[in-house]
Amino acid sequence: QVQLVESGGGLVQAGGSLRLSCAASGRTFSMYTMGWFRQAPGKDREFVAAIKWSSGNTYYSDSVKGRFTISRDSAKNTVTLQMNSLTLEDTAVYYCASRRGVVSTLARDYNHWGQGTQVTVSS
């Protein structure tokens, strides 16, 4: 039904920026919530940001507020995560996810997941 593919991860120095993209395909996304999660070695999967497709309303974890921006492009069926002022604590595998319905910060509420893209912050 829904397929998600992340891209844009890589190695960046502390204080730098990266832009992650999530290409979505499948059914209509008008009633969906799109989210970004991350998981560092030895840690649980952590909520980062979410966006309601229809309205564009956004939600962020406290740890990334003011630094990360989530957005969507309806014409291209893509969701992006602009990450600025990166720190060592941002190092993780970042996953794009989707669910039908309201915004949630819980990974278990999301039904579809991308393969993940590695973000490594150095220095």
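Each remark here, short or long, concerns the structure printed above.
Quick summary incoming for the structure in this document. The model shown is predicted, which means the values in this text are computed figures rather than measured ones.

### A few points about the layout of surface pockets
Phase 1 of the analysis: Estimated volume of the largest pocket: approximately 170 Å³.
Phase 2 of the analysis: If you go around the largest pocket, the residues you meet are Arg 38, Gln 39, Ala 40, Lys 43, Asp 44, Glu 46, Ser 63, Leu 88, Glu 89, Thr 91 and Ala 92.
Phase 3 of the analysis: Of the residues in the lining of the largest pocket, the class split is three nonpolar, three polar and five charged.

### Notes on the side chain of Glu 6
Phase 1 of the analysis: Tracing the backbone shows Glu 6 in strand β1 (residues 2-7).
Phase 2 of the analysis: Despite its burial, Glu 6 pairs with no opposite charge; the closest candidate is Arg 45, at 7.8 Å N-O.
Phase 3 of the analysis: A distance of 2.9 Å separates a polar side-chain atom of Glu 6 from the backbone nitrogen of Gly 116.
Phase 4 of the analysis: Those residues in contact with Glu 6 that sit more than four places away from it in its chain are Ser 21, Cys 22, Trp 36, Tyr 94, Tyr 95, Cys 96, Gly 114, Gln 115, Gly 116 and Thr 117.

### Here's the deal with the packing of aromatic side chains
Phase 1 of the analysis: Counted according to the given criterion, the structure contains eight aromatic pairs.
Phase 2 of the analysis: With a centroid separation of 6.3 Å and 80° between ring planes, the pair formed by Tyr 95 and Trp 113 is classed as edge-to-face. Within this pair, whereas Tyr 95 is found in strand β9 (residues 92-100), its partner Trp 113 is found in strand β10 (residues 112-113), the two being separated by 18 residues in sequence.
Phase 3 of the analysis: For Trp 113, a relative accessible area of 27% translates into the label partly exposed.
Phase 4 of the analysis: Members of the aromatic cluster, each reached through a chain of ring pairs, are Phe 37, Phe 47, Tyr 59, Tyr 95, Tyr 110 and Trp 113.

### Looking at unusual backbone geometry
Most peptide bonds take the trans configuration, and most residues that are not glycine carry a negative phi.
Phase 1 of the analysis: For Asn 77, which is not glycine, the phi torsion reads 55° and is therefore positive.
Phase 2 of the analysis: When its relative accessible area of 29% is taken as the criterion, Asn 77 is described as partly exposed.
Phase 3 of the analysis: Residue Ser 123 is not a glycine yet carries a positive backbone phi of 90°.
Phase 4 of the analysis: Along the chain, Ser 123 falls in the segment after β11 (117-122).

Rules of the game
- Residue positions are given per chain, counting from 1 as you read along its sequence in written order.
- Under the rules for a predicted model, residues below a pLDDT of 70 receive no local features and side-chain atom pairs below 80 are neither given nor counted, while totals for whole chains, interfaces and linings still include all residues.
- Based on all heavy atoms of the structure, the side-chain values leave hydrogens and waters out of the count.
- Both site types are read off a 1 Å grid over the protein atoms alone. A 1.4 Å probe that fits but cannot get out defines a cavity, while an open set with protein on both sides within 12 Å along at least five of seven lines defines a pocket; lining residues have an atom within 4 Å of a point.
- Grid points are joined across faces, edges and corners, and a volume is the space filled by probe spheres set on the points.
- For this scheme, ten residues count as nonpolar: Ala, Val, Leu, Ile, Met, Phe, Trp, Tyr, Cys and Pro. Four count as charged, namely Asp, Glu, Lys and Arg, and the remainder, Gly too, count as polar.
- Secondary structure is summarised from DSSP: a helix means a run of H or I of at least four residues, a strand means a run of E of at least two, and numbering begins at the N terminus for each.
- Burial classes follow relative accessibility: with a 1.4 Å probe on protein chains only, a residue under 20% of its type's maximum area counts as buried, one over 50% as exposed, and anything between as partly exposed.
- Here Asp and Glu are counted as negative and Lys and Arg as positive; His is not counted, and neither are the chain ends.
- Put simply, a salt bridge is a Lys or Arg side-chain nitrogen that is within 4 Å of an Asp or Glu carboxyl oxygen.
- Nitrogen and oxygen atoms within 3.5 Å of one another constitute a polar contact, given that in protein one can donate a hydrogen and the other can accept it, and given that sequence-neighbouring residues count only through two side-chain atoms.
- Here, two residues are considered to be in contact whenever any of their heavy atoms come within 4.5 Å of each other.
- Only Phe, Tyr and Trp rings take part, Trp by its six-membered ring, and two of them pair if their centres are within 6.5 Å. Stacked means planes under 30 degrees apart, edge-to-face means over 60, and tilted covers everything else.

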